[in-house]
Structures are given as structure tokens and as C-alpha cells.
Number of protein chains: 4
Amino acid sequence: MRRYSVILGNLGNTCDRFLSSGYKEKPPREEMVRQAASIPGITGIELVGTWDVTGQNVAEIKALLGRHNLACASIIPDHFSRKVWGLGAFTSRDAAVRKQAVAETREMMDVAVELGCPLINLWPGQDGYDYPFQGDFLRAWDWLVEAVRECAGYRKDIRLALEYKPAEPRTHSYAGLCRAADALLAAQATGCDNVGVTIDVGHAFAAGENVSESAALLARHGRLFHLHFNDNYRSWDDDMIVGSVHTVEFIELLYWLRRLEYKGWYSMDQYPYREDGREAIARSLEWLLAFEARIERFGMGRLSQLVDRGLAVESTKALRELLLGEDRP
Amino acid sequence: MRRYSVILGNLGNTCDRFLSSGYKEKPPREEMVRQAASIPGITGIELVGTWDVTGQNVAEIKALLGRHNLACASIIPDHFSRKVWGLGAFTSRDAAVRKQAVAETREMMDVAVELGCPLINLWPGQDGYDYPFQGDFLRAWDWLVEAVRECAGYRKDIRLALEYKPAEPRTHSYAGLCRAADALLAAQATGCDNVGVTIDVGHAFAAGENVSESAALLARHGRLFHLHFNDNYRSWDDDMIVGSVHTVEFIELLYWLRRLEYKGWYSMDQYPYREDGREAIARSLEWLLAFEARIERFGMGRLSQLVDRGLAVESTKALRELLLGEDRP
Amino acid sequence: MRRYSVILGNLGNTCDRFLSSGYKEKPPREEMVRQAASIPGITGIELVGTWDVTGQNVAEIKALLGRHNLACASIIPDHFSRKVWGLGAFTSRDAAVRKQAVAETREMMDVAVELGCPLINLWPGQDGYDYPFQGDFLRAWDWLVEAVRECAGYRKDIRLALEYKPAEPRTHSYAGLCRAADALLAAQATGCDNVGVTIDVGHAFAAGENVSESAALLARHGRLFHLHFNDNYRSWDDDMIVGSVHTVEFIELLYWLRRLEYKGWYSMDQYPYREDGREAIARSLEWLLAFEARIERFGMGRLSQLVDRGLAVESTKALRELLLGEDRP
Amino acid sequence: MRRYSVILGNLGNTCDRFLSSGYKEKPPREEMVRQAASIPGITGIELVGTWDVTGQNVAEIKALLGRHNLACASIIPDHFSRKVWGLGAFTSRDAAVRKQAVAETREMMDVAVELGCPLINLWPGQDGYDYPFQGDFLRAWDWLVEAVRECAGYRKDIRLALEYKPAEPRTHSYAGLCRAADALLAAQATGCDNVGVTIDVGHAFAAGENVSESAALLARHGRLFHLHFNDNYRSWDDDMIVGSVHTVEFIELLYWLRRLEYKGWYSMDQYPYREDGREAIARSLEWLLAFEARIERFGMGRLSQLVDRGLAVESTKALRELLLGEDRP
């Protein structure tokens, strides 16, 4: 069965570059956890390293999650929110920074084990470049692959998932962290089986990908490790409520995840700047569960037949029946 | 009540730059008309001047439409498919070409009257530019406004609607023919009440517009005259089956068209390159009618209340109920 | 002659949603002003209301600018960086917020007069919407036009310029603040001659506009009041160094600004997140001045002849000569 | 030294979906070859299989090229312009069509050998899908890899290069033919050393790639086999004159191609719809040669130092000097 989690920070405050204080107030941590646990369908939490969990407070966090019956789905080491990473973490031209990025990742791998968490989600958002003649494409690739290999080799009982994103905060992420296929190449290049890829659905939309095809590509190479869910208008990572903009794409993705036998978490990753965090996440769950119900009712077999035949007018008709069946003219 | 039409050529063959013969065979005209008439919901036809109707064959076409009980919703003069227009029609640097563009439009206005058709849809797709330092923005604006004014003044009993599109076949359409707001400015600049704007939904998507807001902007200025329906992936004018990609956007648009009391035709404008034309149009009608049924069932009043309040989590919840109501978790 | 200014905050610290503390340290205000004044070519400053100047400190700011021989090119009232504006300023559904937005604008108009500044740049970035069924397009248009009219009528000796931007921080700006043509419509709708439009070059790129054509459209309607310069990759408002990405587009724009006899400021508006602010602005000035030198050397007459003829291969050849003349093969 | 070629059809007529007769007249083949040979810098020709060369006319074509001192740089089998390929060539659901696609490729490999041509450029543009629930991502990947492997194994003395493109004529190309990284994965998956990738610069722009980074990624994996040059506005494959839109990107790309020691052809691939073909290609050569001259004068060493240091303000300054050195303020 599908398991749903949420990044804890989604329940907190979120800022942008124009309103750096954020649009809301940040509740205390326990309140955020309590709210997460209260969302129907949510059984796991994704934590950001340093913000939410450290080597020091791991026992406390474990107890907190336990009290609320929440699993730890993943830990995201903070490779993006401190000035030290401003010019890159794993691909910084400063060897000391690269070393620190690896060290902090390893620390979070230990923390993950203590929390019974199977996966580290790597989103080193600063690992990119902004200007022409700024990116050093050859060294960056090597630095990235080496660093991830060093992390992956540290302990094999934890999986590492590279979360790709085409841009932001840099104007360009480096290849290996940019799109599904290059992240897959980077994962393969480490030579480690415990390195895979995270699809953030909104990142895939912004990259111009068909997210279902990205899932298929990664899964058939055995590297689809984790999923982040949110929605946007395809041109930017708006981190909106799942299903608020896209309909058909989510149905197709959920179909493929079943067919590809994806076993990982379905984790919510949103920025409800001006919305109540709990409500925004709850809406996402409602859409996802309703889509799943429709897929089940319509039947995986019938959907696979459509894919098998690949006839546009037939597929479109079937989708309308799936969504609006009782309103057949 | 809403009236639905289809551009006759949608039932024929369609080519692209790589397969100039087209992917299918072109049926005889009467067969295309017969097919159009057989699509549940279709009661009107949009004709392309020169291709479908001329000053010479108008009686014959009138009889043909009559036999099939089809109204003529609009005529689109051909300002795009002949070499004479290659560097522009209304904005050609050649005065003789501009004059011809006006003359052919006037001829089609006469034809429209004979067919009982109220509207000429102007899509002078070659009126743009491709390269830097190629567009003459000041003269093009004047030429466009003057030419349309000359047409509009020819007879006041026919409405002219400017169909805007950001690009293709030129890399840039000139302002006045590019986006909703500039087309509105151009229509106003003619000083003629019988000049308005056509929204082609796919063009609006490709222009990065929120098509509902474009409709509202045009309608509140009294210039929303006509609508073309198709779907795409927002990055190009793919001319696909309505509803095959977008869901929420169509529901919002249909809501606004009711609220804005739009009285014109809902006309299908697709390029079913590899699909059976009749089937592709029939699918579009099915989606549109099903969306309308949902809007009615949910209630215009409730939707207007959402717009009135503007609360994201509430609007998203309502949309899920509208679409997937019975699958509320 | 062209006059160049810079938004004071460009010399300070800049943050994004992932690194809310910013990538640098913020220098004291006088140091920022000193740095701005030291950039060759810069003779004016653009201030943000509340951040940089208030009704209380205006005499102090006037003295500060005087000491550094800097004119005040424009004031940007803060309609974006406080929680009160989170759901909109001029188009807030809360009448008290709309009233406050007008009142603060008027206060800044008085401040402008005291500083000898001719223009208020309005960028109410929160005046938009994020989700489907959230935007109230009809009321928002009315509220915007009314509010700007109220400001404009307050004193006719100050010009107001609407700075449009398609998105960010909202996923959609409302029409009237979204693209060149709708901002022009809104300015006209106020019925006030002292309301015009600001083109931020990066916003125009992100909107998919040909910025030269936008300038021509606004200027021929007498409403091109102000300009913000920066660069980006067309898909987002990256606020980069001018000329770092685009070359031909800037040359075409600078040509048109001369031809359109634009008399306003050329104001730098960048976010040098990871760069030294003074250096980043200095690079922009160097590019702009070098482009201008090339335009002068090549000759406005020859460029106008290209536009007059509109021949792609000829225009492209001329551009190469303008840029790389001595390397003619 | 760099070698420049052109696709023969660029000198002919080009059509689009609105003007299927094309904007010009098609000259006789020998005239097209003569024109190509007359463009300063051009020493090679790229031919389209079936259109330009077949198993039957190969001796004649060889003589023709010989008369004009032109090498055959590459052959592009026609997998796109006939109705048989309408629903795909290598990934057609019809095994007979897939077989034919392989057979025709092999025939062209034999032709290539006869012409002394080292490379087959594979652009099976119909190998994609248009609608949701139409693409069969798993089977398409297998079919593609198998088919290319069958071709590659036929003779090892000919290299095969996969030309990726995100869309057009299908709304989506299948992974393996869509972006640089997935084409690389597909090439690797064949297990054949004589399979690599073609970068069409305009396709890379349209895919949102930094084309320099794509070149680096492919070259470091030993699979950058061929290059097509043209320009566009990043949103579509406009196939314009090289350098007419982008400047900095081409300089960065040419730098990287030198640094990566790319040995293949620089082949022009344009659609000069409304322009004289010879003139349009000649302009491209002039830009490329002028850029190369600037790179040489500025110095590869200095450019590599910029990349090594990765400092935005320094790189931007250097680029201005490279382009506009004598206009330093």
C-alpha cells in the first residue's frame, strides 16, 4: 500500500526573496508534528538536517515522532540554507566545503539509522552556476560523483537519493542534479547500488519533463528511490497543493507508479506561503487519494490496455470516463 | 444556451513542416460537412475563405450547410496559406499586398452576409517578424489598425474578430495580434464597435496567459467576440483535443464565460494530425459538455462565492468536490 | 543624454527563499550610497519607500544624496515586503489595506517632491493570485484602476509608473500589472496623464515579450515613463548583470529607446546574490555604455534603414558588423 | 581545424503547416550543391536519405560532390517525412515498420561507405507521443535501443549519432531521443562504441539545456559525435541563422568544443523559410568564424582561467572585453 509523508517544514513558515520574514508565524516544533499527524493519510515525516534534527537532538526527535505515531521517511541534510554553501556544497571549488558537505551527510546517515529512517534525500540546491563562463562542467561532475560515492560508501544500509531540479536557487543546476536522466547517470557513475534519484514532481514539470516517463526511466534502471509531491504551472517551482493545477498528469503518474511497483514514500513537499500549512497538505492528500480511488475503480488493466494500444482518441475518451464517467453525454 | 461549431478543415488532412503531404487523406468537402454535422452538439461550421468558400461558390456552400442543418459561425479569410502573404498581409511593407488583404476581407464580409454568418475571424498569421532588427513596430501598428478599420467600415453588419497568437508561423506576431491585451488595444484603436477579439484557448496557453483572465479583460471592455477551442502543453500551439491535457483551466474558463455572459460560438479549432478528425472533435465536445454539466450541478453561485473570497485551500477543495465529489476521503 | 541610476538596495544584501539571511552582509546606508556614486556613469539613485526613505528621514536622505552628487531618480513605495500586503495591496479584498496602499503612495509622492524626484515607480508585487478560482479579475481591475487614479489625482507634479511583471511573488500578477499592453490599458483607464508604465527588461523577457516592441508600443501611446535594467535567461526574473546573457536584444532595445526619444532614467535593478554589488552594477554600466558606443559608431541612420527594409539576412549581417566588424571573414 | 558543412535541403524550399507549398521555389539539385560549395568556409554536405541519395543514385551523387570539392559529412536517413513513419519508426508499435526503419538505416550505412562518409545522423522525429496515456515508455525504450543496436552492429566502420529533440513533430519525443542525457543513456545501452549523440544547438536551447554543459557531458563520456548549428528564441526550434539571436552562448559553446577536442563537423541545419538559402547559411558561417577569431585573439588560456575560477563579475567583464574590447569605458 502507498505510504504518505510530509516535510515537516511545510507546516511552518515560508518566506520568499521579497518578504524574508515569511507570510505567517512559525509554530513550535511539537505543534508542527502534531498537525502533520492529524492529516488523514499521513504516516511519515521528512526532516531537514540541522533545522529539525541533529546528532544532538536525535533521541528527542525519535521520541517526538513516536508519540505521534509517525515514521521518519527521509532526512534532507541542509546543503542549501547556510552561507557556507553559497557557491556550492558537493561541487564547491573549496575542498574544505566539499569535505564538510560529505561529513554532514554522513552524520545524517547515522542519525537516519537511529531514527529507523531508510533514506537520505540529497538536494544540494547551491550546486550549480549562474553566469556564462562560470560553470566548470568537468570538475563539477567529478566532484559530485566522488562526494556522493564517499557518502554512499560510508554505510550501505542507508540509501541516498539525488533530488534533481533544473534551477533555483542557481540559474542552472549542474548536470547530475538537473534532470532525471543526468541524475541517473550520476547515480550510476558512483558505482554504488545505494544511490538513486528522487523525483520532485514540480521540479520535473519545471524541467519540461513528462514526469511519468521520468519515473519509468528511473525505475527500469532500478534507481527510483523517492518522490516529492507538489504542483505548479510548469514554468517555476511554485510548490503548490497537489492537484490544484494538474489533473491528467497526476493520474498518469499514479498509474505508472503502481505499474512500476514503486515501493517508496509519497512525500508532500510544498511551500504554502499564504495558506494554512495543515490545510494545504490535507488538500493534497485528498486529491491523491481520490485519484487513486478512480484508478482502482477504472482498473489498472484497462489503463494498461490504453498504453499498449497508444491511440489518442481512445485514451482521451477513457480519461474522461475515469474522471467524469457519469457525465457521459 | 451555448452553441458549438467546428472549423471545417479540422475534418480534413493536416500537415506539418516535416510531412508536407499530411498524415492522412483529405475527404471530399461534402463528406467533411456530413461528418461535422454528425458530431453530437455541433450546430455550426467555421469556413476558411478561398479554401472552403469564395464569392463564386457561396450559393453552393449555403445549400450544402442547409442540407446538413449547420449554421455558418464564422469565416476566416485566408491571410496565411499563400506565398503572397509570406512577409505579411495587413502589415506587408508592400502596399499592394496590404490592399489585397483588405479587399479579400471585404469580399468575405459580403460572403458572410449571404451565408447569414455574423462574424469574420481575422488570423493574419504572417503579420509578424522573425529576426532582430526586422520588425518595424511603429509602421506595423499603423498599417494593422488602418487596414482593420478599412475592413470594419466597409459594412457595419459584420463583426471582425482579431485572433491573437504569440508566434508561428513567424517567431513573433506583431503587437495587436500577439496577446489579449494588445489585440484589445488594436481593436479599440480602430474606433469601430464592430471590431473585437477572438481567444484561441491554445494560443492563450502558449502566450502564458490565464485564459480566464483574458476572457474577463476582453469581455469587460465589450470586445470578446469569438472563441476557438483546443488544448496543448502550454509551450506550443499543439491544437489537441479539448480537455486532453488541461482540466481545471477549462472548468475555470467555462465558469467565467457563463458569468461574463458570452453569447458567441464555442468553436473547435484542432489539428488532428494522426487522428480521425471526426473522433477528435467528438472527444472535445464530450469533455466540454461534461464540464458544463459539472458546473451546473455544483452551482454557479457556489463558484462565484469562491472567487469572491479568494481562499486557495477552499477553492482547491471545491474543485476536487466538483470533479471527484463522490471520492471524498 | 542618457542618465543612469541604480536601486540603492542592489548594493546591499539579497536573500532568497532558501537562504533567508542572504548570501552577504548588509553594509551601512551611507556606504551603499558611496559605492553607488563611485560607479562610473551612475548619477542617480532609486529608493524604496520605508526601507530607504520615509516622511521622517527625508531631510537626512536629501543631504546624503547631495553629498554624493546623486539625483533621486525614482521612489518605489514598499507594497511587497510586509505581511500586511501578503494578499495584495491595491487589489486586497480588505478595503483598509487598499486604503493604506494609497496613503503610503501619497506620502511617498510628497517625499518625492521634497527630494526633487519626478517619479514614483509602483511595483505592488503581491497584487495577483496563485490558484485557480482565486483571482477575482473584474473587481481586481476596478480596485487597481481606482487606487492608482486616487494616487495620481493627489498631485499632478509627480508621475506614477506601473511596473509590470508576469509572476513572482504570486504565480500570476493581475492584468494591469502583468504585461506591457495590459499595464498600458490600466494606465489609460485611470484617465490621468501622469500615469504610465515602467519596463523592467527582465520582466519583459520573462513575459515572453520582445522588449523593443513593448517599448515602442508604450512610447507611441505616450506612456513609457521609466526603465529597469537587468538580465536573465528568459524563464525567470534572475536579476542578473545587464549584458551577461543577452546581447542582440539589448542593442535593439537601446536603438529603439533612442529612436523613440525616451527621456527617462536607465535604472539598474539587480539581485547580485553572490556577487559584490558595486562590481555587478559596474559591469552592467560597462556593457550598456559599450553598446551605446557601437550604436553611435554604426549609425542610427543605418540601423533605421534595416528596420525600414526588414530583410533578415541583411539585418543579421549588419549586426555582426556592428558587434564584430573587424572580424569580417 | 574546424570543418563546416551544411544540410543540402537548407538550400532548397522549406514549408510549414500553414503554407505547405513552401515560401520559395525549389532549385534543381545541382544548383543547390553549387550554391553550398560557394559559401566561404563550407567544405562538406549532409544529405537526407531518399530525398538526396539512395542506393540507386549514389554514384551520381558521389560524382556531383566530387565536382564541387565537397565531402559528405553525414547522411540522415528519412525516418520522418513519409506516412509510413507517422506513428513512429524505431518505436512504432508495428514490427514491420520498425524493421523497415532498421533496413533503410543499414542501406544508408552502405551508401555512406561508398561516399566516404563516416557518420549516419539518426533523427527519427516521429518516435514519440502526443497525448496522455499514449506513450508506452518501457517498450519504446527497448525498441529504440534494440533497433539502434541492430543498425550499429551491421557495420562498425560507420558511426551512428542520435539527434535528440524535446518535441516536434510529436508533442514529446521518447526518452533516448529527447535530451542530451537520455540520448547518452540510450547510446550506452546499445553496448556499441559506434553509437553516439548529435547535438543540434537549437534543440538543446529548446530543451532548456545549457548547450555547453551538454557538450561537456557527452564528450566526457566519449559520445559527442556530431553537431548541428542553428539559432532560435529558446522556446521552439526556429532553425534560424546562427548568431542571429544568441551571442554569449555560442562563444561559450565554441570555447568548450575546442577544449573538449571535438573533431567532428560543424554542420549547418536551418530552415530559411523566407530567406535566400545561400545567404542565410553564409551569415551563419560569418558569425561562427568571427566568434572563433575572437576566441583565438582573447586566448583559450584566459577563458579556461575564468572557468577555473568561476567568478561571475570577472567572467562577465572578460566577455565584454572579448566582444567589445575597444569600447571599454
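Residues numbered from 1 in each chain as written. Chains lettered and ligands numbered in written order. Predicted model: local features only at pLDDT ≥ 70, side-chain atom pairs only at ≥ 80, totals over all residues. Heavy atoms only, no water.

A. Spotlight on the confidence of the model for chain A. Of the residues in chain A, 99% have a pLDDT of 70 or more, and the chain-wide mean is 97. Across the assembled chains, the prediction reports ipTM 0.97 with pTM 0.98. (pLDDT = per-residue confidence, 0-100.)

B. The arrangement of the pairing of strand E6 (residues 159-163) of chain A in detail. Residue and element names in this part refer to chain A. Across the five residues that make up E6, a large majority, four, are buried. As judged from the four bridges shared by strand E4 (residues 119-122) and E6, these two strands associate in the parallel manner. The partner of isoleucine 120 across the bridge, within E6, is leucine 160. In this structure, E6 lies alongside strand E8 (residues 195-200), joined through four bridges in parallel fashion. Each bridged residue has a counterpart across the sheet, and for alanine 161 the counterpart in E8 is glycine 196. (Buried < 20%, exposed > 50% of the residue type's maximum accessible area, 1.4 Å probe, protein only. Helix = DSSP H or I, 4+ residues; strand = E, 2+ residues; numbered from the N terminus. Pairing = 2+ DSSP bridges.)

C. Representation of the interface of chain A and chain D. Counting from both sides, the interface comprises 50 residues of chain A and, opposite them, 50 residues of chain D. When chain A packs against chain D, close to 4,300 Å² is buried across both sides, 62% of that on carbon and sulfur atoms. Per-residue buried area on chain A facing chain D is highest for Phe133, Phe137 and Glu213 of chain A; these three make up 21% of the total on that side. Counting across the interface, chain A meets chain D through four salt bridges. (Contact = heavy atoms within 4.5 Å. Buried area = accessible area lost by both parts, 1.4 Å probe. Salt bridge = Lys/Arg side-chain N within 4 Å of Asp/Glu carboxyl O.)

D. A look at the packing of aromatic side chains. Applying the stated criterion across every chain yields a total of 74 aromatic pairs over all chains. An angle of 45° between the planes, with centres 5.2 Å apart, marks the rings of tyrosine 129 of chain A and tyrosine 174 of chain A as tilted. Placement of tyrosine 129 of chain A in strand E5 (residues 128-129) and of tyrosine 174 of chain A in the loop between strand E7 (172-173) and helix H5 (180-189) is noted, with a sequence separation of 45 residues between them. For tyrosine 129 of chain A, a relative accessible area of 2% corresponds to the buried category. Look at tyrosine 174 of chain A and you get buried, because its relative accessible area is 3%. Between tyrosine 23 of chain C and tyrosine 273 of chain C, the ring centres sit 6.2 Å apart and the planes meet at 75°, which makes this aromatic pair edge-to-face. Highlighted residues: tyrosine 23 of chain C in the loop between strand E1 (3-7) and helix H1 (29-37) and tyrosine 273 of chain C in the loop between strand E10 (265-268) and helix H9 (277-298), separated in sequence by 250 residues. Taken as a pair, tyrosine 23 of chain C and tyrosine 273 of chain C share a single burial class, namely buried. What links up through ring pairs into an aromatic cluster is the set Phe18 of chain A together with Tyr23, Trp51, Phe80, Trp123, Tyr271 and Tyr273 of chain C. (Phe/Tyr/Trp six-rings, centres within 6.5 Å; stacked < 30°, edge-to-face > 60°.)

E. Looking closely at the relation of the copies chain B and chain D. The transform that puts chain B on chain D rotates by 180° and translates by 0.0 Å along the axis, for an RMSD of 0.0 Å. Considering both components of the superposition, the chain copies are consistent with a two-fold axis. Interface overlap between copies is the fraction of interface residues in one copy that are interface residues in the other; for chain B against chain D it reaches 100%, indicating a shared surface. (Least-squares fit on C-alpha atoms with pLDDT ≥ 70 in both.)

F. Summary view of the packing of helix H3 (residues 95-115) of chain A against helix H4 (residues 137-154) of chain A. All names here are of chain A. One way to put it is that H3 packs onto H4 with a least axis distance of 9 Å and a crossing angle of 30°. When the axis of H3 is compared with that of H4, the two are roughly parallel. Crossing of H3 over H4 shows right-handed handedness. In this structure, H3 uses Arg98, Val102, Thr105, Arg106, Met109 and Asp110 to contact H4, whose residues at the interface are Trp143, Ala147, Glu150, Cys151 and Tyr154. (Axes fitted to C-alpha atoms, helices over the stretch in contact; angles between N-to-C directions. Parallel < 35°, antiparallel > 145°, perpendicular 65-115°, else oblique. Left-handed = near helix turned anticlockwise from the far one by under 90°.)

G. Spotlight on unusual backbone geometry. In this model, glutamate 168 of chain A is joined to proline 169 of chain A through a cis peptide bond whose omega is 10°. Checked against the element boundaries, proline 169 of chain A lands in the loop between E6 and E7. Backbone geometry at glutamate 261 of chain B places phi at a positive 55°, although glycine is not the residue there. Secondary-structure assignment places glutamate 261 of chain B in the loop between helix H8 (248-259) and strand E10 (265-268). According to the relative accessible area criterion, glutamate 261 of chain B is exposed, its value standing at 55%. Phi angles above zero are rare outside glycine, and phenylalanine 133 of chain C is one such case at about 60°. Tracing the backbone shows phenylalanine 133 of chain C in the loop between strand E5 (128-129) and helix H4 (137-154).

H. Structural context of the interface of chain B and chain D. Listed by partner, the interface residues are 41 residues for chain B and 41 residues for chain D. Of the roughly 3,600 Å² buried where chain B meets chain D, counting both sides, 57% is carbon and sulfur surface. Scanning the region where chain B abuts chain D turns up 10 salt bridges. A salt bridge links aspartate 130 of chain D to arginine 274 of chain B, with the nearest nitrogen and oxygen atoms 3.6 Å apart. At the boundary of chain B and chain D, one finds 22 residue pairs in polar contact (both at pLDDT 80 or more). Considered class by class, the residues forming the side of chain B that touches chain D number 16 nonpolar, 10 polar and 15 charged. (Polar contact = N/O pair within 3.5 Å; in protein donor to acceptor, adjacent residues only side chain to side chain. Nonpolar A, V, L, I, M, F, W, Y, C, P; charged D, E, K, R; others polar.)

I. Quick peek at the pairing of strand E3 (residues 71-76) of chain A. All names here are of chain A. For E3, a buried count of five out of six residues is recorded, marking the element as mostly surrounded by other parts of the structure. The sheet contact formed by strand E2 (residues 42-48) and E3 spans five bridges and is parallel. Note that in E3 the partner of leucine 47 across the bridge is isoleucine 75. Between E2 and its parallel partner E3, the chain crosses via helix H2 (residues 58-67), and the hand of that crossover is right-handed. (Right-handed = clockwise from strand over helix to strand, strands pointing away.)

J. Quick peek at the environment of arginine 179 of chain A. For arginine 179 of chain A, the position within the fold is in the loop between E7 and H5. Look at arginine 179 of chain A and you get buried, because its relative accessible area is 10%. Along the primary structure arginine 179 of chain A and valine 201 of chain A are separated by 22 residues, whereas in three dimensions their C-alpha atoms are 11 Å apart. Filtering out sequence-adjacent residues up to four positions away, arginine 179 of chain A remains in contact with Tyr164, Ala207 and Glu209 of chain A together with Arg179, Ala207, Gly208 and Glu209 of chain D. Reaching out from arginine 179 of chain A, the side chain makes a polar contact with the backbone oxygen of alanine 207 of chain D at a distance of 3.3 Å. There is a polar contact of 3.0 Å between the side chain of arginine 179 of chain A and the backbone oxygen of glycine 208 of chain D.

K. Main features of helix H5 (residues 180-190) of chain C. The buried fraction of H5 of chain C is high, at nine of 11 residues. Of the surrounding secondary structure, the elements contacted by the buried residues of H5 of chain C are helix H5 (180-189) and helix H7 (211-220) of chain B together with H4, strand E6 (159-163), strand E8 (195-200) and helix H7 (211-220) of chain C. Just beyond H5 of chain C, the residue with positive phi is glycine 191 of chain C, at close to 70°.

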